[in-house]
Structures are given as structure tokens and as C-alpha cells.
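Each chain, written out:
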Amino acid sequence: MFIELTEHLKCPGAHEEQHLILVPDRMVGRMVLGGTVACPVCRREYPVTEGIVRFGAPPPAPPWRAMDAGLAEAVRALLSLSNPGGYVVLVGSGCVLASSLATLMGGVHFVGVNPPAGVDVTPSLSLLEHSAAVPLRSAMARGVVLGEESATSSWLEDAARVLLGGLRLVVLRAETEAPPGITRLASGQGLWVGEKGRAMRGDERR
Ligand SMILES: [Zn+2]
């Protein structure tokens, strides 16, 4: 995990959002490969191993799905980010797009949640695991991409929560309803894109 992502991590415990405490014990450059993340509210501790922050056992891993460069280019265009910086969150099989998107979108850091086997931490990709939620604070992401298997109501609502107002969610399954707060803009080729309203609570940071 990229060390600066620490301030955006969220404890999955049922309590208010609070900054977590990172105690790294192994780093390469600015990537934390081993250590512990602790919650000051509920006192839970989460291990960082192989660079992955493990907030809880992930759901059954989605199958590795080959995704062509054309899909990464389409997702890049739909996210519509014209400048570098910030974070784009990829969930489940959406993590497979990380390396192609990193090439297309220099200066953006990617955060993969529950990646399929074969997706590893890189200097531009942090990885997190949790069974049922995106362990990130609200309104921190400049874009979210949900893999096909993650296009369920609970992941869609959590994707809307972590997204910044006015920015985009791409879902790699066409036939799903947009979650509350997301306006569907377009669909086709097995995916759809929506935008988060600017008025939602927690979107004060851009
Ligand atoms: Zn907690």
C-alpha cells in the first residue's frame, strides 16, 4: 500500500470514520509491504502482508478475466479525468485493468479492492481486502470501477459513498441499476457509466 493512502483508509467497524494508525515494518520506496493498521476507535488491528491491507477475508475471488486494451481505453475515457493526481478505486475483477490504466493515466494512484489472483502491488497500485465493503473513507476517489461480479447493490452503494461529487463510476456490467446518488450517463459494450451528484454529503474535498 502506498503510504499516503493511510489517511484515506476506513475501519470496517460500525462506528464513525476516523483516521487509522499505520505501523509499517517493511517498506520499499513509499510502498508499505508489511506492518499493521490500527483503529483508535474500536482498537481492531489489521495486518499488512505482501503489501495488501487485510481488513477481512475477501469474497470468493472473481475469475481472472482477460480485458483488452480497448476496454482500458474506454474506461479511461469514461472516467473523464483530465489531470493527474488522486486515487481511482478498482473493485474485484476491475483490478485487472490496473496496469493498462496506469499506463494511460500517469500520475493517478490506483487502489484495488479484492483483486483476483495474479494482480500484485506495484508503485501505482495499492491493494486492500474486505468481505463486504470498500475500506476507504467517504468522498476520496476521483473515479471508481466495479468489476462485473461486484455489481451488486451493496458494492454499488459503497462505490457511490467513496466517490467524490461530480465524478464518475464505471460498472463493468450493463444490466444493473444505478445506486442512490449516481445518475446514469451512458451504457453500451457491457458497461455503464454514471456521475455522482455534487450535493451529496461528504463531497467537500475534490
Ligand atoms: Zn474501528
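Everything in this summary refers to the structure shown in the same document. (Residues numbered from 1 in each chain as written. Predicted model: local features only at pLDDT ≥ 70, side-chain atom pairs only at ≥ 80, totals over all residues.)

It is worth spelling out the overall build of the protein chain at this point. When helices and strands are counted, the protein chain shows three helices and 11 strands. The secondary structure elements of the protein chain, listed N-terminal to C-terminal, are β-β-β-β-α-β-α-β-β-β-α-β-β-β. Taken against the 2.2 N^0.38 rule, which gives 17 Å for 206 residues, the C-alpha radius of gyration of the protein chain at 16 Å falls within 12% of a compact globule. Principal-axis analysis of the C-alpha atoms places the extent of the protein chain at approximately 45 × 35 × 35 Å. Within the protein chain, residue pairs in contact and separated by at least 24 positions form 56% of the contacts whose partners lie at least 6 positions apart. (Helix = DSSP H or I, 4+ residues; strand = E, 2+ residues; numbered from the N terminus. Rg over C-alpha atoms; globule rule 2.2 N^0.38 Å. Contact = placed C-beta atoms within 7 Å.)

Our next topic: the sheet that holds strand β8 (residues 141-146). Across the sheet, which stays open at both edges, the 11 strands sit in the order β1-β2-β3-β4-β7-β6-β5-β8-β9-β11-β10 with mixed pairing between neighbours. Strand pairing shows two members of the sheet lacking a second neighbour, β1 (21-28) and β10 (182-188), which therefore form its edges. Neighbour to neighbour, the strand axes of the sheet diverge by 20° on average, direction disregarded. Taken together, the two bridges between strand β3 (residues 45-49) and strand β4 (residues 52-54) define a ladder with antiparallel strand orientation. Residue V48 lies in a different strand from β4, and its bridge partner there is V53. Docked against the sheet, helix α1 (residues 69-79) engages β5 (87-91), β8, β9 (163-171) and β11 (191-196), running at close to 155° with respect to β9. Set on the sheet, helix α3 (residues 153-162) makes contact with β5, β8, β9, β10 and β11; between it and β8 the angle comes to about 165°. (Pairing = 2+ DSSP bridges. Axes fitted to C-alpha atoms, helices over the stretch in contact; angles between N-to-C directions.)

This brings us to unusual backbone geometry. Residues other than glycine seldom take positive phi values, yet R43 does so here, at roughly 70°. Residue position: R43 is located in the loop between β2 (31-38) and β3. A count of 9 C-beta atoms within 10 Å places R43 in the exposed class. Despite not being glycine, E50 shows a phi value in the positive range, around 50°. Given 11 C-beta atoms within a 10 Å radius, E50 is considered exposed. (Buried ≥ 20, exposed ≤ 12 C-beta atoms within 10 Å, placed from the backbone.)

This is a description of form; function is not addressed.
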